[in-house]
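The primary structure of each chain is shown beneath.
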Amino acid sequence: MVLLFGIATMPTMGAESLAGGTAIETAEEFATLCVTPAEDLKADAHRGFCYGYLSGAHSVYQSIHGPRIRKAVCIPIPRPTRAQAAEGFVVWLKAHPQHAQESPIDALYRFAEQTWPCPKK
């Protein structure tokens, strides 16, 4: 139950100060944070939030899909950096605008499944 509560609240935890008091509720809003221009005074905070969210989403995915459950996402070795993953997500979302209004976590999982699918057994 605690894990489900954490997943349900992840898109808004800590995002209020980054988005001028508005919660990050959509993949589009999340992607915007990931590509904040370097000259923006909030660029470091926005990118930090983006990278932290990506890491958290990956940790939740790993927790849910333990070693005995077939996974849909197989991140390659060497692993992409958080910056590469964020950039990849932004590019993917532009190519798949139908997912822009989904929750960030749902769109991230779609992106990961399509970008790094596990081999079929």
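The structure under discussion appears in the preceding block.
Not measured: the values here are computed from a predicted model.

S.K.: It is not clear to me how the packing of aromatic side chains should be interpreted in this structure. Could you clarify?
M.R.: Any pair of aromatic rings gets described here by the distance separating the centres and the angle formed by the planes. Under the criterion given, the structure shown has seven aromatic pairs. On the numbers, 5.2 Å between centres and 75° between planes, the contact of F111 with W116 is edge-to-face. F111 sits in the buried class, given a relative accessible area of 4%. On the basis of relative accessible area, W116 is assigned to the buried category, the value being 15%. One aromatic cluster is present, built from ring pairs that chain together F30, F49, Y53, F89, W92, F111 and W116.

S.K.: Even after reading the chapter, I still don't get helix 2 (residues 27-34), so can you show me in this structure?
M.R.: Note: α-helices contain 3.6 residues per turn, so residues at a spacing of three or four share the same orientation. All of the buried residues in helix 2 are A27, F30, A31, L33 and C34. Within helix 2, the buried residues cover an arc of 155° as seen down the axis, which keeps them to one side.

S.K.: I tried to follow the packing of helix 3 (residues 43-64) against helix 4 (residues 82-95) on my own but got confused; where do I start?
M.R.: Two numbers describe a pair of packed helices, the interaxial angle and the distance between the axes. Closest axis-to-axis distance for the helix 3/helix 4 pair is 10 Å, and the angle between their directions is 90°. Put simply, helix 3 runs roughly perpendicular to helix 4. Touching C50, Y51, L54 and S55 of helix 3 are R82, A83, A85 and A86, all from helix 4.

S.K.: Sorry if this is basic, but what is going on with the environment of R110 here?
M.R.: Tracing the backbone through its elements, the reader meets R110 in helix 5 (residues 104-115). Placed 21 residues apart in sequence, R110 and F89 show a C-alpha to C-alpha distance of 9.7 Å. Dropping the residues within four chain positions of it, R110 is found in contact with W92, H99 and E102.

S.K.: Sorry, what's going on with the state of the cysteines here?
M.R.: The term disulfide refers to a covalent linkage connecting the sulfur atoms of a pair of cysteines. Under the definition given, this model contains two disulfides. The disulfide bridge from C34 ends at C50, spanning 2.0 Å between sulfur atoms. The sign of the S-S torsion, about 95°, decides the handedness of the disulfide formed by C34 and C50: right-handed. One end of the pair, C34, is in helix 2; the other, C50, is in helix 3, and 16 residues separate them in sequence. Between the sulfur of C74 and that of C118 lies a disulfide, 1.9 Å long from S to S. Where C74 bonds to C118 through sulfur, the torsion about that S-S bond is close to 100°, and the disulfide is right-handed.

S.K.: Is there a simple way to explain the layout of surface pockets in this structure?
M.R.: With a probe scaled to a water molecule rolled over the atoms, the places where space remains empty come into view. If you add up the space inside the largest pocket, you get close to 380 Å³. Mapped by element, the contributors of at least two residues to the lining of the largest pocket are helix 3, helix 4 and helix 5. Among the elements that make up the lining of the largest pocket, the one with the highest residue count is helix 3 (six residues). Residues of the lining of the largest pocket, tallied by class, amount to 12 nonpolar, four polar and two charged.

Thresholds applied
- For every chain, the first residue of its written sequence is number 1, and the numbers climb from 1 along that sequence.
- Per-residue local features of the predicted model are confined to residues with pLDDT of at least 70, and side-chain atom pairs are confined, for both listing and counting, to 80 or more; whole-chain, interface and lining totals are unaffected and use all residues.
- Side-chain numbers here rest on the full set of heavy atoms in the structure, without hydrogens or water.
- Classification of ring pairs uses Phe, Tyr and Trp, with its six-membered ring standing for Trp, and accepts pairs whose centres are within 6.5 Å; under 30 degrees between planes counts as stacked, over 60 as edge-to-face, and the remaining range as tilted.
- Only protein chains enter the area calculation, which uses a 1.4 Å probe; residues under 20% of their type maximum are buried, those over 50% are exposed, and those in between are partly exposed.
- Under the scheme used here, helices are H or I runs from DSSP no shorter than 4 residues and strands are E runs no shorter than 2 residues, and both carry numbers assigned from the N terminus.
- Directions drawn from the helix axis to the C-beta atoms are what define this arc.
- Lines fitted to C-alpha atoms define the axes here, with helix axes fitted over just the stretch in contact, and angles between the N-to-C directions of these axes take values from 0 to 180 degrees.
- In this scheme, roughly parallel covers angles under 35 degrees and roughly antiparallel covers those over 145, while 65 to 115 is roughly perpendicular and the rest are oblique.
- Contacts between residues were defined by any pair of non-hydrogen atoms, one from each residue, lying within 4.5 Å.
- Cysteine sulfur atoms are paired as a disulfide whenever they come within 2.5 Å of each other.
- Computed over the protein atoms alone on a 1 Å grid, cavities are sets of points where a 1.4 Å probe fits but cannot get out and pockets are open sets with protein on both sides within 12 Å along at least five of seven lines; a residue lines them when it has an atom within 4 Å of a point.
- Grid points are joined across faces, edges and corners, and a volume is the space filled by probe spheres set on the points.
- Polarity classes work like this: nonpolar for Ala, Val, Leu, Ile, Met, Phe, Trp, Tyr, Cys and Pro, charged for Asp, Glu, Lys and Arg, and polar for all others, with Gly in that last group.

None of this, on its own, says anything about what the molecule does.
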